[in-house]
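# Notes for the structure review
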Amino acid sequence: SNEVWVAAGSYAPFNMDQTHDGLRVYGGFAGNETSRHARPAFPRTNPYYLATRIGSGTASYSPIRVSNCTSPTTRIDGFLIVDSKSSGIYCYKSNAVIANNTILSCLGGDGGGIYLREGSPVVLNNRITGCHATRGGGIYAASTAEGTMIANNTIVANLSVAYDRQTAAGAGMFFYYATAQAVNN
């Protein structure tokens, strides 16, 4: 199967590259489910309940990195990312689906919550709160291709902060030469 189910708990950061192309990784399981649909629905009333925490607190690199995954079936779904010292999710040259994640209090140079560069990623139904970056406190998209969709995300109380004489822009979202549809965020 091309699915990985990850039980609630705390885990080290992980990297998905072209060798993981098409892999679907789902978090938020109790560990006794027999069906992916048996995990609690998103959004969970308490984001820490059955939370699959990735790389919180000390990482100077993104807890979840997706690079060179061109299959649109590649998926990151149902994770809690808290207090990263870099973008919560980093997506480069990939067509991944990033859905149903809760990203809190992350700090990135660009894209505190989610960093997108090149490819045609789809970003759906995420909660991004309290993240900081120079550009795109919540989401940063640069040089993305046609087909990039950013929809139905809750992007609240993020900040754009100027560092090293750079100009701050886009506390919620920032697009830089990006082709993207942003709907209902």
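Everything numeric here is computed off the predicted structure, so don't read it as measured data.

## Examining the packing of aromatic side chains
Aromatic ring pairs: the centre-centre distance and the angle between the two ring planes describe each pair. Tallied over the full model, the rule gives seven aromatic pairs. Judged by centre distance (4.9 Å) and plane angle (5°), the rings of Trp5 and Phe29 are stacked. Of the two residues, Trp5 sits in strand E1 (residues 3–7) while Phe29 sits in strand E4 (residues 24–29), which places them 24 residues apart along the sequence. Among the residues examined, Trp5 registers a relative accessible area of 35% and is labelled partly exposed. The buried category is assigned to Phe29, whose relative accessible area is 2%. Ring plane angle 20° and centroid distance 5.3 Å describe the contact between Tyr115 and Tyr140, whose orientation is recorded as stacked. Linking Tyr115 in strand E13 (residues 114–117) with Tyr140 in strand E17 (residues 139–142), this pair joins segments that are 25 residues apart in sequence. Judged by its relative accessible area of 12%, Tyr115 falls in the buried class. By relative accessible area, Tyr140 is classed as buried at 1%. An aromatic cluster of at least three residues, connected via ring pairs, comprises Tyr90, Tyr92, Tyr115, Tyr140 and Phe174.

## A few points about the sheet that holds strand E12 (residues 107–110)
The strand order across the open sheet built from three strands is E12-E16-E20, with neighbouring strands paired in parallel fashion. On the outer flanks of this sheet lie E12 and strand E20 (159–160), each paired with one strand and no other.

## Section: the confidence of the model for the protein
When pLDDT is averaged along the protein, the result is 87; 88% of the residues meet or exceed 70. The weakest mean pLDDT in the protein belongs to strand E5 (residues 52–54) at 56; the strongest belongs to strand E14 (residues 122–124) at 98.

## Here's the deal with the environment of Thr134
Here Thr134 is to be found in strand E16 (residues 132–135). On the basis of relative accessibility, which here comes to 2%, the residue Thr134 falls in the buried class. As a C-alpha pair, Thr134 and Ala162 span 28 residues in sequence and 5.2 Å in three-dimensional space. Every residue in contact with Thr134, bar those within four places of it in the chain, is listed here: Gly108, Gly109, Asp110, Ser160, Val161, Tyr163, Gln166, Thr167, Ala168 and Ala169.

Rules and cut-offs
- Residues numbered from 1 in each chain as written.
- Predicted model: local features only at pLDDT ≥ 70, side-chain atom pairs only at ≥ 80, totals over all residues.
- Heavy atoms only, no water.
- Phe/Tyr/Trp six-rings, centres within 6.5 Å; stacked < 30°, edge-to-face > 60°.
- Helix = DSSP H or I, 4+ residues; strand = E, 2+ residues; numbered from the N terminus.
- Buried < 20%, exposed > 50% of the residue type's maximum accessible area, 1.4 Å probe, protein only.
- Pairing = 2+ DSSP bridges.
- pLDDT = per-residue confidence, 0-100.
- Contact = heavy atoms within 4.5 Å.

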